[in-house]
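Structural features, examined
Residue strings, one per chain:
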Amino acid sequence: MSELLETPLHDLHVALGAKMVPFAGYSMPVQYPLGVMKEHIQTRERAGLFDVSHMGQVKVSGTGAAAALERLIPVDIEGLGLDRQRYGMFTNAAGGIMDDLMLANRGDHIFIVVNAACKDADIAHMKAHLEPDVSVTPVTDRALLALQGPRAQSVLSALDPKAATMRFMDVATLSLNGAECWVSRSGYTGEDGYEISVAEADAVALAEALLAHGDVEAIGLGARDSLRLEGGLCLYGHDIDASTTPVEGALSWAIQKVRRSGGARAGGFPGADIILGQLEQGAPRKRVGLLPEGRAPMREGVALFASAEGGAQIGAITSGGFGPSVGGPVAMGLVGHAHSEVGTTVFGELRGKRLPLTIAKLPFTAANFKR
C-alpha cells in the first residue's frame, strides 16, 4: 500500500486533536474533539473551516482556452464572465461523468478545481486533448481552504473588506493575513462561504488566523459529508460516476442553452448525442432525494424496490446518513424514471426487511448562497 499524502495543514490537524483517516490517497481529518454533529451545526449556524487541499488545482491558459475546454465539458465556458465561476463536468463517449469540477474565468487563464481521487486522470485527460494548443498547468504549491457558514462573510471581510462585496460564484484575488489568495464565493455545504487558494507557506498562518475568530471551528470530512448531503450535492464516485449522465444525475441545470440542441455551440463534447437526447426526451433513471421513515439511516448500496414484497429492483441508495439540521435520516439515490416523482413511496431492503422511504425534493435544507 502506498504511503498516504499529507496536506500542508496536516500537523495543525493533529495539534487540534483531529481523528485522521485515509481519503483519496491523503491523510485527512474526519472529525475534531467537537464531534461530527456539533461541527455540522457549527457550520450551519456560524462558520466552519475545512481543509480541501487534497483537491486538484489547475490553470488552463493560451488563446482559445475556453473554446478548447468546451470540447471536453458540456457547459458555457466561452460566455463565462471575467472573475466568475461555474460548475461543470468532464464527460465520456457514453455520456457518463468522468469528474465534476469548478471552473473560473481569471482573464489570462481558466482556473479549475477537480476532485482529489480524479485529479491525476483529469490532468492527463486535459493534457492529452488540449495541449499543445493551450497549456495545462497543475498548481502544486498552494493549499485550498473552505470557510463556510452564515458568518463566513463577517470573518473573511475582517481580513479583506473586498470579501463582503463578492456575490455567489464571484472570484477575486484578496489579501488575507498578508497572503495573496485566490478566492471564490462558493463551497459545498449549501451555506454561504468561500474557497481560498493560498500558497503552502502561508496556509497554516491563515488557517490559524481564521480559527482564532470566535465564530470559526475546524470541521472534518464527517460533517462535510452530512452538510453536502442535506444540501442535495453530489459526491463523485457515489451519487455520480462514469456510468451516470448529467441528466440522470439531475445536473441538467448545469448545461446552458447555448450548448444544447439548437444552441449556438450545441454539442461538440464527448457523449453529446446521448446527453442532448436525454435532455429532450428524458433519461431512464434519475438522482432523487429520499426520506426514510423512522430514525434509522439507510446508507449507500441499499437496494430500492417499488413494493414491500416481490418485484424487480428499481434503484439503489447512493448516499445516506443522519441529517443533523433535518433532525432525521436523509439519503439520495438513483431510481428508474417511473418511480422518481416527488411523493412516491419506495422500499429499501435492509437486513432482509423492506422499509419505506419517500421520494423527496432536493435540497433537504434550503441553500443560503449570497446572490
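Anything mentioned here points back to the structure above.
Summary of the structure given here. (Residues numbered from 1 in each chain as written. Predicted model: local features only at pLDDT ≥ 70, side-chain atom pairs only at ≥ 80, totals over all residues. Heavy atoms only, no water.)

Describing the side chain of His 10
The following threshold applies: Only runs of H or I of at least four residues qualify as helices and only runs of E of at least two qualify as strands under DSSP, and these elements are numbered from the N terminus. Each residue gets one of three labels from its accessible area relative to the maximum for its type: buried under 20%, exposed over 50%, partly exposed in between, using a 1.4 Å probe on protein chains only. Polar contact is defined as a pair of N or O atoms within 3.5 Å, subject to the rule that within protein one atom must be able to donate a hydrogen and the other to accept it, and that residues adjacent in sequence are counted only when both atoms are side-chain atoms. Any two residues whose heavy atoms approach within 4.5 Å are treated as being in contact.
Looking at the secondary structure, you find His 10 in helix H1 (residues 10-15). Exposure remark for His 10: the relative accessible area of 12% places this residue in the buried category. For His 10, the side chain forms a polar contact with the side chain of Asp 11, separated by 3.5 Å. Setting aside anything within four residues of it in sequence, one finds His 10 in contact with Met 20 and Ser 27.

So, the nonpolar core
How we decide: Take the buried residues of types Ala, Val, Leu, Ile, Met, Phe, Trp, Tyr and Cys, join any two whose side-chain atoms come within 4.5 Å, and each joined set is a nonpolar core.
In terms of nonpolar packing, the biggest core is built from 26 residues, with Leu 147, Leu 156, Val 183, Ile 196 and Leu 210 touching the most fellow members. Every element with two or more residues in this core is listed here: strand E4 (47-51), strand E10 (142-148), helix H5 (152-157), strand E11 (171-176), strand E12 (179-184), strand E13 (193-199) and helix H6 (200-211). It is H6 that provides the largest number of residues to this core, a total of four residues. Once residues within four sequence positions are removed from consideration, Ile 196 is found in contact with Ala 143, Leu 144, Leu 145, Leu 147, Leu 156, Leu 176, Cys 181, Trp 182, Val 183, Leu 206 and Leu 210. Listed in part, the 22 residues of the second largest apolar core include Ala 65, Ile 73, Leu 101 and Leu 103.

Some remarks on the pattern of salt bridges
The following threshold applies: The salt bridge definition used is simple: a Lys or Arg side-chain nitrogen within 4 Å of an Asp or Glu carboxyl oxygen.
Here the structure, examined in full by the defined rule, presents 18 salt bridges. The partner of Glu 191 in a salt bridge is Arg 44, and the shortest N-O contact between them spans 3.1 Å. One end of the pair, Glu 191, is in the loop between E12 and E13; the other, Arg 44, is in helix H2 (residues 36-45), with 147 residues separating them in the sequence. Taken as a pair, Glu 191 and Arg 44 share a single burial class, namely buried. Here Arg 86 makes a salt bridge to Asp 76, at a shortest N to O gap of 3.9 Å. You can see Arg 86 sitting in strand E6 (residues 85-91) and its partner Asp 76 sitting in the loop between helix H3 (65-69) and E6, a full ten residues away along the chain. Overlapping salt bridges, with partners in common, bring together Glu 70, Asp 76, Glu 78, Arg 86, Arg 259 and Arg 265 in one network.

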